Amino acid sequence: MTPPAATGAGRVAAFRGSVLHCLDDPAAAGDAAIEYLDDGLLVCEDGHVTGLGPAPELLARLPGGAQVTDHRGKLIVPGLVDCHVHFPQVDMIASYGEQLLEWLEKYAFPAERRFDDPAHAADTAAFFVDELLRNGTTTALVFATVHPASVDAIFSAAERRGMRLVAGKVLMDHACPEDLRDGADAGIGESRELLRRWHGRGRLGYAVTPRFAVTSSERQLQAAGQLAQEFPDVHVHTHLAENRAEVERIGERFPECRSYLDVYERFGLLRRKSVFAHCLHIDDKDRAALARHGGAIAFCPSSNLFLGSGLFDLAAAEAHGVRVGAGSDVGGGTSLNMLATLADGYKVLQLHGQPLSAWRALYLATLGAARALYLDDRIGNFESGREADFVVLDPAATPLLARRTARAADIAERLFALLMLADDRAVAATYLMARPASVRTAAAGAPAAGR
Ligand code: GUN
Ligand code: ZN
């Protein structure tokens, strides 16, 4: 238990409810990785966590004037983190019938083409960020489009709401529609400008974002690697080995490379803070290289099922010590809700005989995801000093949830049932830096704007 810090001039706000978070990876530390307080109090000052402990004890020690919000009967968990999502694809989510390469041509590229209109970009970005918050996601690593205005739009929307977000302009200059190509040098120039404008501004960070090796020339991959090297603090964000036809194309184009990951490595794109979405068709040498260089995998089960891409092997990634976080990959994925995404993750892993525990699932969308993004010094759990982004989950949000969670013997069973059955209705409120950012109103069942 951490006692609340001595009172200063800051705003003290405390939140009472059942509080659950990960102190470590449950795969490594077992139950010791989890802290659970049935009647807990999360104490925050100036938007940061300053204390967590049993409510009766901590309430008595709160400074006068501290504001206490009562969420008893609900579960307070750290803000959910989406390690891979495309904001421009909210308009074509749930499109029928194709696998990756045809799906890109038929649905994704036409939707992204519309982002040459800054007004459309701004409107979509605002909708997207509000949807994330409504679903309990407080941090995301986001693909924009090839258009610089799409990056300005998503960063502006996140900044206005005080949300932590990492994003980047898509680099694509090869084997894709002419009108969506940026040109190797022009694309890097635009990226550098956007990086200078947005990286490190408030809660925002930039990611160098080559779409995937399929749609970048060697010159562009080279320049992207150089840009990343020039700014070691920014993220690299791309796709890797999602679909068999994609992997075959890379094999034909880069016969000198041992594997698809090897292509990224040769161009300087495999490093600390590199995040690779999917990684379905990789081998143990790739996993060892990912771990050695500090690269991370975004596990996107909903998308992998929807696009028929394949089954992620979490145990193999874990055995090699690779950082893994969960991602929705909307519009390939069919939900922005990370709880629903984890439910799909459980089903995918069942097909490998790797049932995902409730603790490990929570980890993949909180502390594990924060570690995958190298943001665990700021977010991911309720250790003292962390930014107070959190979600209030309602285990009785629907009649079925209420009935099932009431019969749970302990918190592990309750959380598991909640994860498997939840959608946006289970997110009662989302807080950014201890302030409400989205609150579900009982009457309408719809969230009210928090600020
Ligand atoms: N690979 C390259 N681009 C994309 C994309 O937009 N979505 C998914 N799921 N995979 C990709
Ligand atoms: Zn993707």
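Residues numbered from 1 in each chain as written. Chains lettered and ligands numbered in written order. Predicted model: local features only at pLDDT ≥ 70, side-chain atom pairs only at ≥ 80, totals over all residues. Heavy atoms only, no water.

Visitor: What should I look at first to understand a nonpolar patch on the surface in this one?
Guide: Taken together, Leu305, Leu311 and Leu351 make up a surface patch of nonpolar side chains, about 260 Å² in accessible area. Among the structural elements, leucine 305 can be located in helix 11 (residues 301–306). By relative accessible area, leucine 305 is classed as partly exposed at 38%. (Patch = residues over 30% accessible without salt bridge, like charges linked within 9 Å, V, L, I, M, F, W, Y side chains within 5 Å. Areas by Shrake-Rupley, 256 points an atom, 1.4 Å probe, with all protein chains shown as cover. Salt bridge = Lys/Arg side-chain N within 4 Å of Asp/Glu carboxyl O. Helix = DSSP H or I, 4+ residues; strand = E, 2+ residues; numbered from the N terminus. Buried < 20%, exposed > 50% of the residue type's maximum accessible area, 1.4 Å probe, protein only.)

Visitor: Hey, could you run me through the pattern of salt bridges in this one?
Guide: Oppositely charged side chains can pair when the atoms bearing their charge come close. On inspection of all chains with the given rule, the structure shows 33 salt bridges. Two residues, aspartate 424 and arginine 134, come together in a salt bridge whose shortest N-O distance is 2.8 Å. A residue pair is termed long-range when its members are at least 10 positions apart, and aspartate 424 in the loop between helix 17 (411–421) and strand 15 (427–432) and arginine 134 in helix 4 (residues 118–134) qualify at 290 residues. Taken individually, aspartate 424 and arginine 134 each receive the classification buried, so the pair is uniform in this respect.

Visitor: Just to check I follow, could you spell out the coordination of the zinc ion (ligand 2) for this structure?
Guide: Only His84 (NE2), His86 (NE2), His239 (NE2) and Asp329 (OD) from the protein reach the zinc ion (ligand 2) as donors, at distances of 2.0 to 2.2 Å. Around the zinc ion (ligand 2), the four donor atoms are arranged such that angles at the metal cover 88 to 168 degrees; this shape is classified as irregular. Of note, the donors binding the zinc ion (ligand 2) are all from one chain and are spaced H-x1-H-x152-H-x89-D. By relative accessible area, histidine 84 is classed as buried at 0%. (Donors = N, O, S within 2.8 Å, 3.2 Å for Na, K, Ca; no water. Tetrahedral: all angles 85-135°; square planar, octahedral: opposite > 155°, others 65-115°.)

Visitor: What exactly am I supposed to notice about the site of ligand 1 here?
Guide: In the neighbourhood of ligand 1, the contacting residues comprise His86, Gln89, Leu100, Trp103, Leu104, Arg211, Phe212, His239, Glu242, His278, Leu307 and Asp329. Within the side chain of arginine 211, a nitrogen or oxygen atom sits 2.7 Å from an oxygen atom of ligand 1. About the coverage of ligand 1: the protein hides 100% of its 280 Å² of free accessible area. Taken together, the residues that form the shell around ligand 1 break down as five nonpolar, four polar and three charged. (Near = heavy atom within 4 Å. Polar contact = N/O pair within 3.5 Å; in protein donor to acceptor, adjacent residues only side chain to side chain. Nonpolar A, V, L, I, M, F, W, Y, C, P; charged D, E, K, R; others polar.)

Visitor: Mind showing me how you'd approach the environment of alanine 122 here?
Guide: Turning to its location among the elements, alanine 122 is positioned in helix 4. C-alpha of alanine 122 to C-alpha of valine 151: the two residues are 29 residues apart in sequence and 9.5 Å apart in space.

Visitor: Explanation requested: the side chain of serine 309 in the structure shown.
Guide: Tracing the backbone through its elements, the reader meets serine 309 in the loop between helix 11 and helix 12 (314–319). Residue serine 309 is classed as buried on the basis of its relative accessible area of 6%. Every residue in contact with serine 309, bar those within four places of it in the chain, is listed here: Glu242, Leu280, His281, Ser303 and Asn304. (Contact = heavy atoms within 4.5 Å.)

Visitor: Even after reading the chapter, I still don't get the nonpolar core, so can you show me in this structure?
Guide: Grouped burial of nonpolar side chains is what soluble globular proteins tend to show. Formed by 118 residues in total, the largest nonpolar core has its most connected members in Leu20, Phe128, Val142, Ile154, Leu165, Leu240 and Tyr260. Counting residues per element, this core draws most heavily on helix 3 (residues 100–113), which supplies eight residues. In this view, tyrosine 260 contacts Phe212, Ala213, Val214, His239, Leu240, Ala241, Glu246, Val247 and Ile250; residues no more than four positions away in its chain are not counted. Grouped together as the second largest cluster of nonpolar side chains are 17 residues, Leu42, Leu52, Phe390 and Tyr431 included. (Core = buried A, V, L, I, M, F, W, Y, C linked by side-chain atoms within 4.5 Å.)

Visitor: Sorry, what's going on with the packing of aromatic side chains here?
Guide: Across all of its chains, the model carries 12 aromatic pairs by this definition. Both rings, one in phenylalanine 382 and one in phenylalanine 390, keep their centres 6.4 Å apart while their planes meet at 80 degrees; by these two values the pair is edge-to-face. Relative accessible area serves as the criterion here: at 0%, phenylalanine 390 is assigned to the buried category. Cluster of aromatic residues (ring-pair linked, three or more members): Phe15, Phe382, Phe390 and Tyr431. (Phe/Tyr/Trp six-rings, centres within 6.5 Å; stacked < 30°, edge-to-face > 60°.)

Visitor: How should the packing of helix 5 (residues 148–161) against helix 6 (residues 184–198) be read in this particular structure?
Guide: How two helices pack is summed up by the angle between their axes together with the distance between the axes. Look at helix 5 against helix 6: their axes get within 10 Å of each other, and the N-to-C directions meet at 15 degrees. Viewed along their axes, helix 5 and helix 6 adopt a mutual orientation that is roughly parallel. Crossing handedness for the pair helix 5 and helix 6: right-handed. Facing Pro148, Val151, Asp152, Phe155, Ser156 and Glu159 of helix 5, the residues of helix 6 in contact are Glu190, Leu194, Arg197 and Trp198. (Axes fitted to C-alpha atoms, helices over the stretch in contact; angles between N-to-C directions. Parallel < 35°, antiparallel > 145°, perpendicular 65-115°, else oblique. Left-handed = near helix turned anticlockwise from the far one by under 90°.)

Visitor: Help me understand the pairing of strand 16 (residues 435–440), please; the structure alone is not making it clear to me.
Guide: The two faces of the sheet receive side chains in turn, since in a regular strand these alternate between them. Relative to strand 16, strand 15 runs antiparallel, the two sharing four bridges. The residue of strand 16 that forms the bridge with threonine 430 is serine 438. If you look at the hairpin formed by strand 15 and strand 16, you'll find two residues sitting between the two strands, and methionine 433 has a positive phi there, around 50 degrees. (Pairing = 2+ DSSP bridges.)

Visitor: Any chance you could explain the side chain of arginine 203 here in plain terms?
Guide: Looking at the secondary structure, you find arginine 203 in the loop between helix 6 and strand 9 (204–210). Arginine 203 sits in the buried class, given a relative accessible area of 11%. Only 2.8 Å separates the side chain of arginine 203 from the side chain of aspartate 389, close enough to count as a polar contact. Excluding its chain neighbours within four sequence positions, the residues that come into contact with arginine 203 are Gly162, Met163, Arg164, Leu165, Ile379, Glu387, Asp389, Leu432 and Met433.

Visitor: Which parts of the structure should I look at to understand unusual backbone geometry?
Guide: Note the cis peptide between valine 330 and glycine 331, where omega equals 5 degrees. Along the chain, glycine 331 turns up in the loop between strand 13 (323–326) and helix 13 (338–350). The backbone phi angle of alanine 241 is positive, close to 50 degrees, even though this residue is not glycine. Mapped onto the elements, alanine 241 comes out in the loop between strand 10 (235–240) and helix 8 (244–253). Taking the relative accessible area as the measure of exposure, alanine 241 reaches 0% and is therefore buried. Positive phi values are uncommon outside glycine, yet aspartate 329 reaches one of about 50 degrees. Counting through the fold element by element, aspartate 329 comes out in the loop between strand 13 and helix 13. The exposure class of aspartate 329 is buried, given its relative accessible area of 4%.

Nothing here speaks to function; it is geometry throughout.
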